[in-house]
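What follows is each chain in one-letter form.
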Protein chains: 2
Amino acid sequence: MSLPPYWLRDNCPCAECRDPRNGQKLFQITDLPDDLTITREEEADGLLHVLWSDGHRSRYPLDWPAQEHVGDGRSEAGKRLWTAADFAAGIPEADWAAYLADPVERAAVLGAVLRSGFAVLREVPVVERQVLAVARTFGYVRETNYGELFDVRVEADPNNLAFTSAAIAPHSDNPYRDPVPTLQLLHCLDNSAVGGDSGLVDGFRAAAILREEAPADFAVLTRTPVPFVFRDRATELRADRPLIELDPLGRIREVRFNNRSIGTLRLPAPELEAFYAAYRRFAAVTLRPELRLEFRLGPGDCLIFDNVRLLHARTAFERNGGRHLQGCYADLDSLSSTVAVLHRRTAALDAVADHFEGEGAAEYLGEAVTLAEHMLQAGALAEAAGAPAHLVAAALLHDVGHFDGAGLELMQGRDNRHSDAGADWLAQWFGPEVTEPVRLHVAAKRYLCTVEPGYRARLSDASEYTLQVQGGPMSEEQAAAFAAHPGAADAVAVRRWDEEAKYTDTATPGFDHFRPLLAALMR
Amino acid sequence: MSLPPYWLRDNCPCAECRDPRNGQKLFQITDLPDDLTITREEEADGLLHVLWSDGHRSRYPLDWPAQEHVGDGRSEAGKRLWTAADFAAGIPEADWAAYLADPVERAAVLGAVLRSGFAVLREVPVVERQVLAVARTFGYVRETNYGELFDVRVEADPNNLAFTSAAIAPHSDNPYRDPVPTLQLLHCLDNSAVGGDSGLVDGFRAAAILREEAPADFAVLTRTPVPFVFRDRATELRADRPLIELDPLGRIREVRFNNRSIGTLRLPAPELEAFYAAYRRFAAVTLRPELRLEFRLGPGDCLIFDNVRLLHARTAFERNGGRHLQGCYADLDSLSSTVAVLHRRTAALDAVADHFEGEGAAEYLGEAVTLAEHMLQAGALAEAAGAPAHLVAAALLHDVGHFDGAGLELMQGRDNRHSDAGADWLAQWFGPEVTEPVRLHVAAKRYLCTVEPGYRARLSDASEYTLQVQGGPMSEEQAAAFAAHPGAADAVAVRRWDEEAKYTDTATPGFDHFRPLLAALMR
């Protein structure tokens, strides 16, 4: 193998080189010696072992060096370019209640914003400032000179065409800002006017058409910084950016298009001629009817769209009719992060579900029920007792540390500290209100044996056996210390459902029953 | 002349083509006909008159077509690149109180952030969350996964090296965000630890050095998108951006540099070798001692710096010593807008001052005092009476509509409506609390003549003459309507100072005396 040594070493996954919590590197690239080489490499135990010339040792999964490149999804390569006909069967949308309740629905609709550039949430409460709450479900509001939010309705002395009843051609907002807000939200509170329909155009698609039909014009627009300007009494913004911005690999990455705010270009006359010819051609492409997706926002609809890709438009409306949208800006990076985390959590729940159906379905440490049955029963008992969600989750997941064969070690007389292992594993997704009762559920058994007469006698044979391995009943001092712990009551509650959950004749709900509850607790 | 027609027409300044309030265009570029030509052009009255083939007429200042290009100041062309020695005489700084009180001081220190990439405010109140108030003096806080603000101090379970006591090499923040926050603020609340000094490196200068010494390496870093990544329980951010980003004209525009968060590049081996060689060379440049400006933040210091240009660093500090900074992010566009508006206001005050010293020093409509003396006396009388700032300003500026020779028209028997002209001119910078008393000060004279016995008899001869031109005393109905106007009392107050301000033997302060008061009222 001839892997580039600095690349390989920069990606060493050991805990000395990277913070395991966030993957951040703990060394500087200049800390590596100038003559770094690989002294020895070998494959063993499914890992690539590398000994370095400076004595450091690294281990990589065998398939790691050849893994594929996955980009950040922001250029045209990560998008689904569209024309209006692509949405003949409907536009990406979700009901607000389902969006809030179901992480899969949430990931799907936010994923549509990443891929198609937009989505509509329906039945969002028709309440002023609600648009800010929508933005905060996936990111942070970007305040501008128009405020934290802006009202799109007819104003007496408008400082922007948006605040009149006039038609507005397809454009992107705030191109005079740098950084430009990459997302816009428009929440409809009232649209009883005649007219005032919404239009969207895929600016990436329009740019790709220009590239196809007039490559020289496309090139002019990518290499000409255009002065976008906005000025009122309190504001004087200017950004010099091309209408079509490419990434270093030549792919379309951002489109800014707003005739109203293009200031005065200062270039030699031939370049001005070339720019205006290209600009007019591109503008004409954005007006092609087949590119324009039209729909009407009604009260409760909230449109979310990519402001560095999609162009938005509206038809004129009757001045006296009611039309009121509230809008705000936000950014794609946080939305993308939210989608990634939702996918990660869904994958984690899938993995837990697999455990429940796989090894969890096998024998449980000498009990008559399987491990999965035991945990599902514990969760169901907590739920039936009206316990809060975090305790239902803790009861359901309290023995998750037994998965991956860990339970066997315990029965062989070694305390594998399954409560700690389970709590640590769960801490990737859940807060301490879930993880700490799991962590303390073994201690709670040892505590109850000490303080509650008759408790120990009720333990199952298997539980009595593991009690010894786990250290036996607590001393009086230990019990007093445990009782003083703020999480003691929750741990004892989980422990009682744990003890009860060993019936063979009880019908319990499956794991899927608990997914919404678990999803809501993940953070 | 052979000016490109679409360019010329796109810049038509007429009120039909552009909203006079904000310069936004009122037509689409596609609204112009395909065969637009100039039918006739001629110079007259200091203007270029153009008749278009579609019948539209435009007029441009004669010097307008040849005006120079002024960029947005964001690339290296708009910066003062530096090494540490350039600040041997001191770093850009201002006292917080002076920063708040004096727009010239504010523009200077914020201008330093634009040109040099940083500035320090001193004696900022040592109060938690104060850093947000600092950011709001020039823009908007950019919230991130670290919160609206973040505390830089030793944390028990840090998710970022910043929250430990370790040394940190020069880097930029949040490169895994796109848009990356373009400004960072760090406000020192405590720095009693040994160590914990701050360092800054001009990343543009470092990049320029790389371009000079190793152009091939420079080129590699500008064309290689690097995956910057950050991941914790609630976050999964990724941005693929080059370490050195050029604008379409090939000028350095942004630098992102953060070894900790560079993820895994996936490229053919020779490209990985080339990237790592270039990256290591660039990293070594950023560590050159002559590039590193070192200083120590003490309690009350607030550092503001350009996060897409400057790299910041800190030395290690003793864990047990007290060190606590609060930081937040913001953006360059709003800061730049704030500086431009401050310059615009300063220029406006300069223009008013010029009027006071120029034509204002001439005879005032037949009065014994000059117009400037009259207005300064009125302002001084208002101030001496303990009037609120907006009325002092209104009294000082009440006759500003007489400037530019307008006063002469009035004495020739035409009402030039100087009160309206003055109020409209002032409305560019002042709110209605200043402009409306100015607008109504003539009406107030006509009102007082009607309702106050003996008032008219006290008018000067010149004022009695202009009263006739202005419509004479009000009718009873007019007077009742005026008295009901919410601004009537302020207008009457200004009118009384106006009447009094005609003494030749009174020493009055100069215009500069009133500048801070006017500056504070501008918005």
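What counts and what doesn't
- Residues numbered from 1 in each chain as written.
- Chains lettered and ligands numbered in written order.
- Predicted model: local features only at pLDDT ≥ 70, side-chain atom pairs only at ≥ 80, totals over all residues.
- Heavy atoms only, no water.
- Helix = DSSP H or I, 4+ residues; strand = E, 2+ residues; numbered from the N terminus.
- Rg over C-alpha atoms; globule rule 2.2 N^0.38 Å.
- Contact = heavy atoms within 4.5 Å.
- Lys, Arg positive; Asp, Glu negative; His and termini not counted.
- Charge placed at Lys NZ, Arg CZ, Asp CG, Glu CD.
- pLDDT = per-residue confidence, 0-100.
- Buried < 20%, exposed > 50% of the residue type's maximum accessible area, 1.4 Å probe, protein only.
- Polar contact = N/O pair within 3.5 Å; in protein donor to acceptor, adjacent residues only side chain to side chain.
- Pairing = 2+ DSSP bridges.
- Axes fitted to C-alpha atoms, helices over the stretch in contact; angles between N-to-C directions.
- Arc of directions from axis to C-beta.
- Least-squares fit on C-alpha atoms with pLDDT ≥ 70 in both.
- Buried area = accessible area lost by both parts, 1.4 Å probe.
- Salt bridge = Lys/Arg side-chain N within 4 Å of Asp/Glu carboxyl O.
- Domains from an automatic or database assignment.
- Parallel < 35°, antiparallel > 145°, perpendicular 65-115°, else oblique.
- Left-handed = near helix turned anticlockwise from the far one by under 90°.
- Nonpolar A, V, L, I, M, F, W, Y, C, P; charged D, E, K, R; others polar.
- Phe/Tyr/Trp six-rings, centres within 6.5 Å; stacked < 30°, edge-to-face > 60°.
- Lys NZ or Arg CZ within 6 Å of the ring centre and 35° of its normal.
- Expected span 1.5 Å × (residues − 1).

A. Focus on the overall build of chain A. Looking only at helices and strands, one finds 18 helices and 17 strands in chain A. What you see for chain A is a C-alpha radius of gyration of 30 Å, clearly larger than the 24 Å of a compact globule of 523 residues, by over 25%. Counting only C-alpha atoms and orienting by the principal axes, one finds that chain A spans roughly 90 × 70 × 45 Å. By sequence separation, contacts in chain A at least 24 residues apart represent 73% of the contacts at least 6 residues apart. In chain A, 53 positive and 77 negative side-chain charges are present, and the distance between their average locations comes to 7 Å.

B. Seen up close, the confidence of the model for chain A. Counting all residues, the mean pLDDT for chain A is 91, and 96% of those residues have values of 70 or more. Across the assembled chains, the prediction reports ipTM 0.89 with pTM 0.89.

C. Here's a closer look at the side chain of D247(A). All names here are of chain A. Inspection of the secondary structure assignment puts D247 in the loop between β12 (244–246) and β13 (252–255). Judged by relative accessible area, D247 falls into the buried class, the value being 8%. There is a polar contact of 2.8 Å between the side chain of D247 and the backbone nitrogen of L249. Contacts of D247, omitting those with residues within four sequence positions, involve S75 and R253.

D. Quick peek at the pairing of strand β10 (residues 226–232) of chain A. Residue and element names in this part refer to chain A. Among the 7 residues in β10, 5 count as buried, and that is most of the element. Across 7 bridges, β10 lies against strand β11 (residues 235–241) in antiparallel orientation. Across the sheet, the residue bridging to P227 is D240, located in β11. Between β10 and β11, which pair antiparallel in sequence order, lie 2 residues.

E. Here's a closer look at the sheet that holds strand β9 (residues 198–202) of chain B. All names here are of chain B. If you trace the 4 strands from one edge of the open sheet to the other, you get β7-β16-β9-β14, paired in antiparallel fashion. The sheet terminates laterally at β7 (168–171) and β14 (292–295), the two strands that pair on one side only. Mean inter-strand twist for the sheet, computed between neighbouring axes without regard to direction, equals 20°. Two elements, β7 and strand β16 (residues 310–314), share 2 bridges in a ladder whose sense is antiparallel. Within β16, the residue paired with I168 across the bridge is R314. Across the sheet, helix α5 (residues 203–213) touches β9 and β16, and the angle it forms with β9 is around 45°.

F. Broad picture of helix α15 (residues 461–469) of chain A. All names here are of chain A. Buried within α15 are the following residues: A462, S463, T466, L467 and V469. Down the axis of α15, the smallest arc covering the buried residues is 155°, so these residues share one side. Immediately beyond the C-terminal end of α15, within one or two residues, lies G471, with a positive phi of roughly 115°.

G. Looking closely at unusual backbone geometry. Residue and element names in this part refer to chain A. Between D178 and the following residue, P179, the backbone shows a cis peptide bond with an omega angle of 10°. At D45, a position not held by glycine, the phi torsion is positive, near 55°. Note that D45 resides in the loop between β1 (38–44) and β2 (47–52). Assessed through its relative accessible area of 73%, D45 is described here as exposed.

H. Examining the environment of N159(A) more closely. Note on placement: N159(A) falls in the loop between β6 (150–152) and β7 (168–171). For the pair N159(A) and F230(A), spaced 71 residues apart in sequence, the C-alpha to C-alpha distance is 10.0 Å. Ignoring any residue separated from it by four or fewer positions in sequence, one finds N159(A) in contact with Y146(A), F230(A), D232(A) and N22(B).

I. Region of the structure containing the relation of the copies chain A and chain B. With an RMSD of 0.3 Å, chain A superimposes on chain B once it is rotated by 180° and translated 0.1 Å along the axis. Put plainly, the chains are arranged around a two-fold axis. Measuring from the rotation axis to each C-alpha of chain A, the shortest distance belongs to P179(A), at 3.0 Å.

J. Molecular detail of the side chain of T338(A). All names here are of chain A. Note on placement: T338 falls in helix α8 (residues 332–357). Given the relative accessible area of 18%, T338 is considered buried. Sequence-distant contacts of T338, defined by excluding residues within four places in its chain, comprise L110, T137 and F138.

K. Structural detail: the interface of chain A and chain B. With 97 residues of chain A at the contact, the number on the chain B side is 98 residues. The contact between chain A and chain B buries some 8,300 Å² in all, and 46% of this surface belongs to carbon and sulfur atoms. For chain A, the biggest contributors to the area lost against chain B are R233(A), R266(A) and R280(A); these three give 11% of the whole. Joining chain A to chain B, the criterion identifies 10 salt bridges.

L. Representation of the domain arrangement of chain A in the model. By the assigned domains, chain A splits into domain 1 (5–66), domain 2 (91–338) and domain 3 (358–521). The centre of domain 1 of chain A, based on its C-alpha atoms, is set 39 Å off from the matching centre of domain 3 of chain A.

M. Seen up close, the packing of helix α9 (residues 371–384) of chain B against helix α16 (residues 488–500) of chain B. Residues and elements named next belong to chain B. At a minimum axis distance of 8 Å, the contact between α9 and α16 shows a crossing angle of 125°. The angle between the axes of α9 and α16 places the two elements in the oblique class. Helix-helix and strand crossings are classified by hand; for α9 and α16 the assignment is right-handed. Side by side, α9 and α16 meet where H374, Q377, A378, L381 and A382 of the first sit next to W497, D498 and E500 of the second. A class-by-class count of the residues in the contact of α9 with α16 yields 4 nonpolar, 2 polar and 2 charged.

N. The arrangement of the pairing of strand β8 (residues 183–191) of chain B in detail. Residue and element names in this part refer to chain B. With respect to burial, β8 is a largely interior element, 8 of its 9 residues being buried. Taken together, the 8 bridges between β8 and strand β17 (residues 323–330) define a ladder with antiparallel strand orientation. Pairing of D190 across the sheet is with H324, part of β17.

O. Representation of the packing of helix α9 (residues 371–384) of chain A against helix α10 (residues 389–397) of chain A. Residues and elements named next belong to chain A. Direction vectors running N to C along α9 and α10 enclose 160°, while the axes themselves pass 7 Å from each other. The angle between α9 and α10 places the two elements in the roughly antiparallel class. Note that α9 runs across α10; the crossing there is right-handed. Residues M375, L376, A378, G379, A382 and E383 of α9 form the contact with α10, whose own contacting residues are L391, V392, A395, L396 and L397. Its residues placed into classes, the contact of α9 with α10 shows 9 nonpolar, 1 polar and 1 charged.

P. Summary view of the environment of L293(A). Residue and element names in this part refer to chain A. Following the sequence through the fold, L293 ends up in strand β14 (residues 292–295). The class of L293 is buried, set by a relative accessible area of 6%. Taking the C-alpha atoms as reference points, L293 and H343, separated by 50 residues in sequence, lie 29 Å from one another. Setting aside its immediate chain neighbours within four residues, L293 contacts W82, A84, F87, I91, F118, S198, G199 and L200.

Q. Representation of the packing of aromatic side chains in the model. This structure, assessed with the given rule, holds 34 aromatic pairs over all chains. Three or more aromatic residues joined by ring pairs form one cluster here, namely F257(A), F275(A), Y276(A), Y279(A) and F282(A). For R266(A), the ring lying beneath its charged end belongs to W64(B), and the centroid distance is 4.8 Å.

R. Summary view of α9(B). Residue and element names in this part refer to chain B. Given a rise of 1.5 Å per residue, 14 residues ought to cover 20 Å, and the 20 Å separating the end C-alpha atoms of α9 matches this to within 8%. Within the sequence span of α9, burial applies to L371, A372, H374, M375, L376, Q377, A378, G379, A380 and A382. Buried residues along α9 sit against α8 (332–357), α10 (389–397), α16 and α17 (511–521). Immediately beyond the C-terminal end of α9, within one or two residues, lies G386, with a positive phi of roughly 75°.

S. Geometry of the pattern of salt bridges. Using the criterion set out here, one finds 67 salt bridges over all chains in the structure. In this structure, the salt-bridge partner of D178(A) is R241(A), at a minimum N-O distance of 4.0 Å. Linking D178(A) in the loop between β7 and β8 (183–191) with R241(A) in strand β11, this pair joins segments that are 63 residues apart in sequence. Given the relative accessible area of 7%, D178(A) is considered buried. Using a relative accessible area of 6% as the deciding quantity, one classes R241(A) as buried. Salt-bridge contacts for R495(B) lead to E499(B); the nearest nitrogen and oxygen are separated by 2.8 Å. Linking R495(B) with E499(B), this pair stays in helix α16, spanning 4 residues, or about one helical turn. Taking the relative accessible area as the measure of exposure, E499(B) reaches 18% and is therefore buried. Taken together, the shared-partner salt bridges in this structure form one network comprising D72(A), R74(A), R253(A), D178(B), R241(B) and E245(B).

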